[in-house]
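The primary structure of each chain is shown beneath.
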Amino acid sequence: MITIRPFANTDADYEILAALATAIWPEYPDTVEELKHRDNTRPEGYIFHRFFAEKEGNQVVGSGVYLQPWWSMKPGKFYVNCEVHPDHRRQGIGTALYDHLMDLVAKHDPVFIVSSTREDQADAIRFLTERGFRQVMRAPVSHLDVAKFDAAPFAARLERVRDLGIDIRSMAKVAAADPDWKQKFYDLDWELLEDVPSPDPLTRQSFEVFEERLL
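Asker: Provide a residue-level description of the sheet that holds strand 3 (residues 59–67), including the pertinent values.
Answerer: Strand order in the open sheet made by the 5 strands is 1-2-3-4-5, with mixed pairing throughout. Strand pairing shows two members of the sheet lacking a second neighbour, strand 1 (3–6) and strand 5 (112–114), which therefore form its edges. Across the sheet, the axes of successive neighbouring strands diverge by a mean angle of 25°, strand direction being ignored. Here strand 2 (residues 48–55) runs beside strand 3; their pairing, made up of 8 bridges, is antiparallel. Each bridged residue has a counterpart across the sheet, and for glutamate 54 the counterpart in strand 3 is valine 60. Lying on the sheet, helix 1 (residues 11–24) is in contact with strand 1, strand 2, strand 3 and strand 4 (77–84); it crosses strand 3 at an angle near 90°. Running over the sheet, helix 3 (residues 93–106) touches strand 1, strand 2, strand 3, strand 4 and strand 5 and is turned about 160° from strand 4.

Rendered as structure tokens:
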């Protein structure tokens, strides 16, 4: 038997969520502190609800969320996502979570609903496709092993950059040299984000939210 319950916002539930997220995405391990920070710095005034799926014995085997996407807000737009522990898939848990979320979203008269997954997750893609979702965007991911990075082959390019009057500094050095660095970073960040392809226009968050997320 599968039970769906609201996320309790307790330390215990955050620990469960971190362990679950890490089991699902081992390449991107989450910590309780990171999860809390993201939740605590989420912009106010947007709908956000998280749930757990439990099997008998109160064993959490999945999580789901529905929300208004504050990063790309349009009237009637909602984001829905449900994830199941790898050891408990193909048992109807994802379907139970999804149906529960959609029943709740329906009360808000949604105009359209978005979700996301990774292209190597064939089961997740099939799950979404069977429910009417279609691909509208791909976001390639690149990784750099900083510890093994060899800067020597790029020395000449770095020198050309310096000749243009561009200095590459750490954020700590920039903060020490310019008391207005946060505002400048905020303006630059938005200018760069506006150049990122997106199926819907992005929504600029307040400086206060941006500042909180820097901490």
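Asker: Quick one: what's the story with the pattern of salt bridges, residue by residue and with numbers?
Answerer: For the structure shown, the criterion picks out 19 salt bridges. A salt bridge links glutamate 27 to arginine 118; the nearest nitrogen and oxygen atoms lie 2.9 Å apart. Taken together, the residues span a long stretch of sequence, with glutamate 27 in the loop between helix 1 and helix 2 (32–40) and arginine 118 in the loop between strand 5 and helix 4 (122–130) at a distance of 91 residues. By relative accessible area, which is 45% here, glutamate 27 ends up partly exposed. According to the relative accessible area criterion, arginine 118 is partly exposed, its value standing at 23%. A salt bridge links arginine 162 to glutamate 159, with the nearest nitrogen and oxygen atoms 3.4 Å apart. Here the residue arginine 162 and the residue glutamate 159 both occupy positions in helix 5 (residues 155–163), the gap between them amounting to 3 residues, near one helical turn.

Asker: Which residues make up the packing of helix 1 against helix 2, and what are the values?
Answerer: Closest axis-to-axis distance for the helix 1/helix 2 pair is 9 Å, and the angle between their directions is 110°. The angle between helix 1 and helix 2 places the two elements in the roughly perpendicular class. Touching Asp11, Tyr14, Glu15, Leu17 and Ala18 of helix 1 are Val32, Leu35, Lys36 and Asp39, all from helix 2.

Asker: Which residues make up the pairing of strand 3, and what are the values?
Answerer: Of all 9 residues in strand 3, 8 are buried, a share of seventy percent or more. Counting the residues in the hairpin turn of strand 2 and strand 3 gives 3 residues, including glycine 57, whose phi is positive at 90°. Pairing between strand 3 and strand 4: 6 bridges, direction antiparallel. What sits directly across from valine 65, in strand 4, is asparagine 81.

Asker: I'd like a rundown of the environment of cysteine 82, residues and numbers included.
Answerer: Inspection of the secondary structure puts cysteine 82 in strand 4. Given a relative accessible area of 19%, cysteine 82 falls into the buried group. Separated by 52 residues in the primary sequence, cysteine 82 and arginine 134 have C-alpha atoms spaced 17 Å apart. What cysteine 82 contacts, discounting residues up to four positions off in sequence, is Ser63, Gly64, Gly94, Leu97, Tyr98, Leu101 and Phe127.

What counts as what
- Residues numbered from 1 in each chain as written.
- Predicted model: local features only at pLDDT ≥ 70, side-chain atom pairs only at ≥ 80, totals over all residues.
- Heavy atoms only, no water.
- Pairing = 2+ DSSP bridges.
- Helix = DSSP H or I, 4+ residues; strand = E, 2+ residues; numbered from the N terminus.
- Axes fitted to C-alpha atoms, helices over the stretch in contact; angles between N-to-C directions.
- Contact = heavy atoms within 4.5 Å.
- Salt bridge = Lys/Arg side-chain N within 4 Å of Asp/Glu carboxyl O.
- Buried < 20%, exposed > 50% of the residue type's maximum accessible area, 1.4 Å probe, protein only.
- Parallel < 35°, antiparallel > 145°, perpendicular 65-115°, else oblique.

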